[in-house]
Amino acid sequence: MASVVGVGTPDRFDDHCFIRACRGLPHERVPVWFMRQAGRSLPEYRAIRGTGTILDAIKNPDLSTEITLQPVRRYGVDAAILYSDIVVPAHAIGFGVTVTPGVGPEIEEPFRSAADLDRLRPLDPVVDTPYVLETVRQLVGELDVPLIGFAGAPFTVASYLIEGRPSRDYLNTKSLMLNDEHLWHSLMDRLADLAVASLTSQIDSGASAVQLFDSWAGALSAAQYQRYAAPHSQKVLSAIESTGVPRIHFGVNTGELLELIKGVGADVVGIDWRVQIDRARLRLGDTVALQGNLDPAAVIAGVDAAVSGTREVLALNAGHPGHIFNLGHGVLPSSDPDVLSEVVRVVHTEGAVGSADPT
Ligand code: CP3
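Participant: Give a detailed account of the overall build of the chain, specifying residues and quantitative values.
Facilitator: Counting its regular elements, the chain contains 16 helices and nine strands. Over its C-alpha atoms the chain spans a radius of gyration of 19 Å, differing by no more than 12% from the 21 Å that the globule rule assigns to 359 residues. Projected onto its principal axes, the C-alpha coordinates of the chain cover approximately 55 × 45 × 40 Å. Put simply, the chain has 359 residues, and 58% of those count as buried. Of the contacts formed within the chain by residues at least 6 apart in sequence, a portion of 74% connects residues at least 24 apart. On the chain, roughly 14,000 Å² of surface is accessible, and the fraction owed to carbon and sulfur atoms is 51%.

Participant: Go over helix 10 (residues 181–204) with me, naming the residues and quoting the values.
Facilitator: Compared with an ideal rise of 1.5 Å per residue, which puts 24 residues at 34 Å, helix 10 spans 34 Å between its outermost C-alpha atoms and is within 8% of the ideal. Two residues or fewer past helix 10, glycine 206 is found with a positive phi of approximately 125°.

Participant: Report on the site of the ligand, specifying residues and quantitative values.
Facilitator: In the neighbourhood of the ligand, 26 residues make up the surrounding shell, with Arg36, Tyr45, Arg49, Ser215 and His329 lying closest. A distance of 2.6 Å is found between an oxygen atom of the ligand and a backbone nitrogen or oxygen belonging to arginine 36. With respect to the ligand, the side chain of histidine 329 contributes an N or O atom lying 2.6 Å from an oxygen atom. Isolated, the ligand exposes 870 Å² of accessible area, and the fraction of that covered by the protein chains is 92%. Looking at side-chain class alone, the shell around the ligand contains 16 nonpolar, six polar and four charged residues.

Participant: Pulling in residues and values, what's your account of the packing of aromatic side chains?
Facilitator: The tally for this structure, following the rule as stated, stands at five aromatic pairs. Considering the side-chain rings of phenylalanine 155 and tryptophan 184, the 6.2 Å spacing of their centres and the 55° angle between planes classify their relative orientation as tilted. Of this pair, phenylalanine 155 sits in helix 8 (residues 154–163) while tryptophan 184 sits in helix 10, placing them 29 residues apart in sequence. By relative accessible area, which is 0% here, phenylalanine 155 ends up buried. Judged by centre distance (6.2 Å) and plane angle (85°), the rings of phenylalanine 213 and phenylalanine 250 are edge-to-face. Taken as a pair, phenylalanine 213 in strand 5 (residues 209–213) and phenylalanine 250 in strand 6 (residues 247–250) lie far apart in primary sequence, 37 residues in all. Taking the relative accessible area as the measure of exposure, phenylalanine 213 reaches 11% and is therefore buried. Assessed through its relative accessible area of 1%, phenylalanine 250 is described here as buried. Over the ring of phenylalanine 95 we find arginine 119, and its NZ or CZ is 3.9 Å from the ring centre.

Participant: How would you explain the sheet that holds strand 4 (residues 147–152) if you had to name every residue and give the values?
Facilitator: The sheet built from seven strands is open, its strands ordered 1-4-5-6-7-8-9 with parallel pairing. A single partner strand is all that each edge strand has here, and the edge strands are strand 1 (80–81) and strand 9 (323–327). By the bridge criterion, three bridges tie strand 6 to strand 7 (residues 268–270) in an arrangement that is parallel. Within strand 7, the position partnered with isoleucine 248 by the bridge is valine 268.

Participant: Could you give an account of the pairing of strand 2 (residues 97–100), with specific residues and numbers?
Facilitator: Within a regular beta strand, the side chains point alternately toward one face of the sheet and then the other, so they alternate between its two faces. Of the two faces of strand 2, only one is covered, namely that formed by Val97 and Val99; the face formed by Thr98 and Thr100 stays uncovered. As paired strands, strand 2 and strand 3 (residues 104–107) are joined by four bridges and run antiparallel to one another. Residue threonine 100 lies in a different strand from strand 3, and its bridge partner there is glycine 104. Linkage of strand 2 to strand 3, two consecutive antiparallel strands, is achieved through a turn of three residues, within which glycine 102 is found at a positive phi near 85°.

Participant: Break down the environment of isoleucine 162 for me, with residues and values.
Facilitator: Its location among the elements puts isoleucine 162 in helix 8. When the C-alpha positions of isoleucine 162 and threonine 173 are compared, they lie 5.8 Å apart, and in sequence the two are 11 residues distant. In this structure isoleucine 162 touches Pro110, Phe111, Arg112, Asn172, Thr173, Leu176, Trp184 and Leu187, once residues within four positions along its chain are discounted.

Cut-offs used in this document
Residues numbered from 1 in each chain as written. Predicted model: local features only at pLDDT ≥ 70, side-chain atom pairs only at ≥ 80, totals over all residues. Heavy atoms only, no water. Helix = DSSP H or I, 4+ residues; strand = E, 2+ residues; numbered from the N terminus. Rg over C-alpha atoms; globule rule 2.2 N^0.38 Å. Buried < 20%, exposed > 50% of the residue type's maximum accessible area, 1.4 Å probe, protein only. Contact = heavy atoms within 4.5 Å. Areas by Shrake-Rupley, 256 points an atom, 1.4 Å probe, with all protein chains shown as cover. Expected span 1.5 Å × (residues − 1). Near = heavy atom within 4 Å. Polar contact = N/O pair within 3.5 Å; in protein donor to acceptor, adjacent residues only side chain to side chain. Nonpolar A, V, L, I, M, F, W, Y, C, P; charged D, E, K, R; others polar. Phe/Tyr/Trp six-rings, centres within 6.5 Å; stacked < 30°, edge-to-face > 60°. Lys NZ or Arg CZ within 6 Å of the ring centre and 35° of its normal. Pairing = 2+ DSSP bridges.

And the structure:
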């Protein structure tokens, strides 16, 4: 690729295939990890998770460290993702967030008016989320693969704070956005600050890469995304650029937004299963790496469908070094871990990276 990130502090994983793939540099084999690789699809997770909410589990660094390590041990994936949640910063500053099992984030008093801005004070990670930093530090001491830290992008976090619970149509969110642009940008600006503080603290504690999840950005038209979401995601990603840590940016249903998502400053664009990887590369060019994009439903369909889907993704990537294999969205809770093991095996044995330096 023409541009190479990595101007920050040297990292002990700079030569690791996952980090090199994020930078589009030549390496031996296609790296693979899965969004939601930790969690309910794993019997060992269900065994140690306990009965509290996920926010309670996240506040226990020993438990969160173990949960993060479980899929790395089982699957032999090339990266770990911190066990946490995108609503942790808002919860930690007292916005009144819970995460209900089987439902997702719920807000006691959803964001409605300018008065609610006062409920979104800045995050001081050392004071507000010391448990996250402790988990990152423990993991960095134990892992022999890079740790991915993450945050929710302002739009996706706003959609939870405004809707009050997971939504299909985002009507309250879009109403606020379209009716009160000034308040909208004030809210998004505070959420961008939360993401910057959280990501910076994870990087300072040793995370080797970060992913900004804008999972629900696909609810917006391209024009809406550009006007109402992109400037705030751009603020988040540029605030951490100087660290040199690769920045992955992901959303679902973003086929119409890919160029804009690249434009906010991602080093790696995560694509869902709706966009073929070769077409995404034609559209985005060679200066970003791509992450994805096996349909999570192919894992549910069984080992044959998952393996042929995996081979298809590898074939469409055609040995390009800027590819991180993943699903097109998170692992579904009813997935069979043995099928995911087989996907990892196929990526590792068949996912050759072309030797030609594309730069
Ligand atoms: O393995 C990993 O990916 C790391 C952990 C992780 C979780 N949430 C743990 C979790 C990550 C990266 C997230 C991010 C997250 N949280 C996103 C962005 C990623 C995506 O899926 O698009 C979003 C939208 C959320 C909000 C959220 N939290 C939802 C929609 C849910 C599911 C609700 C449910 O129970 O079905 C959660 C809860 C949650 N976050 C669980 C896990 C493992 C399951 C609940 C539990 O085990 O108690």
